[in-house]
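Observations on the three-dimensional arrangement
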Amino acid sequence: MSLLDVKLARDLLRMKGQTLAVALVMACGLAMLIMTRSLIHSLETTRQTYYRTHRFADVFVNLKRAPRSLLDRIRTIPGVATVQPGIALQVTVDLPHLAEPASGTVRSLPEHAPLELNRLHLRRGRPLEPGRFHELLVSEAFAEANSLQPGDRLTLLLNGRRQVFHIAGLVLSPEIIFEARPGVSLPDNRTYGTFWMWESELAAASDMDGAFNTLALTLAPGGSVAAVCAELDRWLQPYGGRGAFGRRDHPSHVRVSDEIFILRTISIGFPSFFLGVAAFMTHAVLMRLLTLQREQIAILKAFGFSNGRIALHYLKFGAVIACLATLLGTPLGVFLGHRMVHLYHMFFRFPELRFHLDITAVGVAVAVGTLAAGAGVAAAVRRILQLAPAEAMRPEPPARYRPALPERLGFGRWLTPITRMALRNLERHPAQAFFTVAGLTLATALLIIPNCFRDSVNLLLGFQWDTVQRQDLTVGLIEPRAEGVLHELRRLPGVQAVEPLRSVPARIRFGNRSRQLAVTGFPAEALHNRLIDRHWRQLPLQPGGLITSAKLAEVLGARPGDTLEIEFLEGRRRRCPVVLLAVSEDLTGMGAHMEIRTLNRLLGEGDVVNGASFTLDPAARGAFLRALKQIPQIGYVSIKESLRASFRRTTATSIEVIQRMYLAFAVVVAFGVVYNNARISLAERARELATLRVLGFTVSEVAAVLLIELAVLALLAIPSGLALGGVLATALVQAINTETVRLPAVLTLRNYCFAASVVALAALGSAIVVLQRVRKLDLIASLRAPE
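Computed from a predicted model, the values in this text were never measured in an experiment. Residue numbers restart at each chain and count upward from 1, following the sequence in its written direction. Local features are withheld for residues below a pLDDT of 70 in this predicted model, meaning they are given only at 70 or higher, and side-chain atom pairs are given and counted only at 80 or more; totals for whole chains, interfaces and linings count all residues. As a rule here, side-chain values come from all non-hydrogen atoms in the structure, and water together with hydrogens is ignored.

Looking at the overall build of the protein
Counting its regular elements, the protein contains 23 helices and 20 strands. For the protein, the spread of C-alpha atoms along the three principal axes comes to 100 × 55 × 50 Å. Classification of residues uses two cut-offs on accessible area relative to the type maximum, computed with a 1.4 Å probe and protein chains only: under 20% is buried, over 50% is exposed, and between them is partly exposed. Residues classed as buried in the protein amount to 55% of the 787 residues present. Considering only contacts in the protein between residues 6 or more positions apart, those separated by 24 or more positions represent 82%. All accessible-area figures derive from a Shrake-Rupley calculation using a 1.4 Å probe, and residue coverage is judged against the displayed protein chains alone. Counting only carbon and sulfur atoms, one obtains 59% of the accessible surface of the protein, whose full area is about 33700 Å². Within the protein, the 62 negative side-chain charges are centred at a point lying 7 Å from the centre of the 87 positive side-chain charges. Strands are runs of DSSP state E lasting at least two residues, helices are runs of H or I lasting at least four, and both sets are numbered from the N terminus onward. Any two residues whose heavy atoms approach within 4.5 Å are treated as being in contact. Under this rule, positive means Lys or Arg and negative means Asp or Glu; His and the chain ends count for nothing. For the purpose of locating charges, the reference atoms are NZ of Lys, CZ of Arg, CG of Asp and CD of Glu.

See the structure below:
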């Protein structure tokens, strides 16, 4: 070990408190980097493996009914490799323990050959046996939510007939990694599931012998998704085709991709903030260490140590901090990653999802940590190279002593001598004060961001399910009916108000951009499903126009006043130009809304509905739900409180875990920054403080010099930190908004008070440490000449 390495070890030991504080802050950033990058790696590799082993399709299409003789022509479409037809039927499920009827989709399984595409993964039980009927395979998420096991009975209302089936097994499918009702962005596994039965049995029940109504395809190498979809739409239009779409637009695939997108954004944003604070702290430690070791550097240069060796010595100081941060951050990132994977099991259904540490992420963490430390050390190294030995041997020239700015403004007579000492010292060292304020500003800003996520989720819960949706529940019909069906629904027990709905699958185009989703029609002055603008005012649905969610307008690149083209994907498949009247704030999914009579007119139909929303008498709610179970035309029931609870259990829980994690890290950073600056100031001014003690100042008075400086710096940093935190929180929340869920940036007084309080508590804790250190100050050692 060289002499400089011995010196480095001694310096680190002597400054172990400051070194550990910087390393902890850096470790928080590296832990988040390792966790998020490894989660991205785990999700992507698991999804790719699942898709490959279970042959997830490239293109999908739903239709009304087409003969199987059409399949030969579809196979001739250029770029198509494999074609798999099937039957899918919407069903109602009667579960005795649920008051409301559940719903689901029954899919067909070929009896004489295994599935070529979208193969099932058996979790429990057994597969369906040839020749045995009245058996089902059930999606695992639905089974677990309802405590169903292989061998249990399940009652389905299948094409108007109530039938009892036995559950053969519980399965997973690459089509429902994230299982939710079609057209709904949030899952409710209690009331929606997917089922599989033999194709011949399902065809007989749905009158689909020799026909199919779903199609999945894979493409040959070089095949174009857009070209194949266009050809499919052309061939299937006479058979009620509802628009082919690629894997990229598959709802389950989109939801997993959204999560990966959020992780990518967070893996850049949060670590950057933490590592920026660590760089400031490293700079402060090294610059003040150089001030204390000015004479030592001069002696080293005089004894023949080159500038390069001395610079390398101080660069090693930063490298040690980076290595220590990596050693602390890597296991912490792995631990947090395992916890997040456990959380993902709640709503992502893979055959096996494990946390896989991304080794490249660790390498990136080491490199990023070293760069952050290097950025903090760079200015110190530059100062070393400019320092001449003869100049360094001389003590630093005395600072220019003059009254502080408050004294010059005439406030000096109200200031104590201790306060004047503190203010004068801050004014004499503006660079040190600036970097301290900058570090405290970043620490304060970081405290704003996690609680912004918490407040945003709370606002979303109230906005989406209280302000926008005022109904108690929504009912969907299996087939569109004349508006007269509302009279029957009004007579159900407990109904206080009912509003009609009409939902139609459509493709909306603007320029060269398009999106495939449902256009929903309801009354112009709807009270249940309200459209709210960004100023929280209700938007009336005017005849002849369209109102979309702000996110859909953003995706299409459209603005109010633009003319969109709507291609309806059922019925006569009309194409209609429609003016975009306004955009509404909708925080889950994307929507397009029209006045219901206008929608029916564009479709060329009469007063038709395929759903309704209800306000119920709470006392008669049970009777209403029991009555719904007896109506065969009911396709699904969506209860507002169930959706809210599902969001809390899945998306909100995920965000809450991340919020608490980052909040804990932000608190560590705040305490680390304040403590680090207090300790550095104490070490730097030990000689001055000892002199004051010898001159008769008490311990409290001597400590007050440092504490007043710390308080002034904190008071300067907190307002700017709160303002910067608001900007950073808004930018990060907007950056992670997806087509599935969008969080509003909410900045509350409670959040600001919490951030200021944490910094104040950190300052108080540091004050206690400073007071104890001043009490233990060795006056003789501090006053001894450094030579």
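Here the narrative resumes.
Describing the packing of aromatic side chains
Two aromatic rings are characterised by how far apart their centres lie and by the angle between their planes. Only rings of Phe, Tyr and Trp enter the pairing, Trp through its six-membered ring, and a pair is recorded when the two centres are within 6.5 Å. The plane angle decides the type: under 30 degrees is stacked, over 60 is edge-to-face, the rest tilted. Under the counting rule described, the total for this entry stands at 15 aromatic pairs. Centre to centre, the rings of Tyr-50 and Phe-350 are 6.0 Å apart; their planes meet at 65 degrees, and the pair counts as edge-to-face. Placement of Tyr-50 in helix α2 (residues 16-53) and of Phe-350 in the loop between α9 (307-344) and α10 (359-386) is noted, with a sequence separation of 300 residues between them. The pair Tyr-50 / Phe-350 is uniform in exposure class, with both members buried. Ring pairs connect the aromatic residues Tyr-51, Phe-56, Phe-60 and Phe-245, which therefore count as one cluster. Lysine and arginine charges are scored as sitting over a ring when NZ or CZ, respectively, is within 6 Å of the ring centre and within 35 degrees of the ring normal. Note that Arg-234 overlies the ring of Trp-235, its terminal NZ or CZ placed 5.3 Å from the centroid. Taking the ring centre of Phe-178 as reference, the NZ or CZ of Arg-255 above it sits at 5.1 Å.

Regarding helix α17 (residues 596-603)
Along an α-helix, residues three or four apart share an orientation, since each turn contains 3.6 residues. Among the eight residues of α17, six are classified as buried, and the element is accordingly described as predominantly covered. Buried within α17 are the following residues: Ile-596, Thr-598, Leu-599, Asn-600, Leu-602 and Leu-603. Against the buried residues of α17 lie β13 (495-510), β14 (513-522), β16 (563-568), β17 (575-584), β18 (592-595) and β19 (608-616). By the criterion applied in these results, polar contacts are pairs of N or O atoms within 3.5 Å in which, for protein atoms, one can donate a hydrogen and the other can accept it, and in which residues neighboring in sequence qualify only through two side-chain atoms. Put simply, Glu-595 is the residue that caps the front of α17, since its side-chain oxygen is 3.2 Å from the backbone nitrogen of Arg-597.

What about the pattern of salt bridges?
For salt bridges, the criterion is a side-chain nitrogen of Lys or Arg within 4 Å of an Asp or Glu carboxyl oxygen. Throughout the structure, instances matching the rule amount to 39 salt bridges. The partner of Glu-259 in a salt bridge is Arg-255, with the nearest N and O atoms 3.8 Å apart. On the criterion of helical spacing, the pair formed by Glu-259 and Arg-255 is a turn pair, its members being four residues apart in helix α7 (residues 251-292). Side by side, Glu-259 and Arg-255 carry an identical accessibility label, which is buried. In this structure, Arg-454 engages Asp-455 in a salt bridge whose closest nitrogen and oxygen atoms are separated by 3.0 Å. Judged by its relative accessible area of 7%, Asp-455 falls in the buried class. What emerges from the salt-bridge pattern is a single network uniting Asp-233, Arg-507, Arg-509, Glu-565, Glu-567, Arg-573 and Arg-575.

Some details on the side chain of Asn-529
With respect to the helices and strands, the residue Asn-529 is situated in the loop between β14 and β15 (545-549). You can call Asn-529 buried: its relative accessible area is 16%. Each residue touching Asn-529, except ones within four places of it in the same chain, is listed here: Val-468, Gln-469, Gln-471, Glu-499, Leu-501, Phe-522 and Ser-613.

Overview of the sheet that holds strand β1 (residues 59-67)
Two strands qualify as a pair provided DSSP detects at least 2 bridges between them. Pairing is antiparallel in the open sheet, where four strands are placed in the order β2-β10-β1-β11. The open sheet has two free edges, formed respectively by β2 (80-86) and β11 (245-246), since each of these has just one partner strand. Here an axis means a line fitted to C-alpha atoms, over the contact stretch when the element is a helix, while the angle between two N-to-C directions is reported on a 0 to 180 degree scale. Sheet strands touched by helix α6 (residues 225-236): β1, β2, β10 (211-219) and β11. Its angle to β1, the strand with the most contacts, is close to 10 degrees.

Brief notes about a nonpolar patch on the surface
Together, Leu-20, Leu-24, Leu-328 and Val-668 make up an exposed nonpolar region whose accessible area comes to about 280 Å². Assignment of secondary structure puts Leu-328 in helix α9. Accessibility expressed as a relative area gives 34% for Leu-328, which makes it partly exposed. Patch rule: a residue counts if its relative accessible area is over 30% and it has no salt bridge; like charges are joined within 9 Å, and nonpolar side chains (Val, Leu, Ile, Met, Phe, Trp, Tyr) within 5 Å.

Looking at the packing of helix α14 (residues 430-468) against helix α21 (residues 699-735)
At a closest axis distance of 6 Å, the pairing of α14 and α21 adopts a crossing angle of 45 degrees. The orientation of α14 relative to α21 falls into the category oblique. In this structure, α14 crosses over α21, and the sense of that crossing is right-handed. All amino acids are sorted into three groups, where Ala, Val, Leu, Ile, Met, Phe, Trp, Tyr, Cys and Pro are nonpolar, Asp, Glu, Lys and Arg are charged, and the leftover types, Gly among them, are polar. Of the residues contributing to the contact of α14 with α21, the split by class is 20 nonpolar, seven polar and no charged. Note on angle classes: values under 35 degrees are labelled roughly parallel, values over 145 roughly antiparallel, values of 65 to 115 roughly perpendicular, and the remainder oblique. By convention the crossing between two helices is left-handed if the near helix lies anticlockwise of the far one by an angle smaller than a right angle, and right-handed if it lies clockwise.

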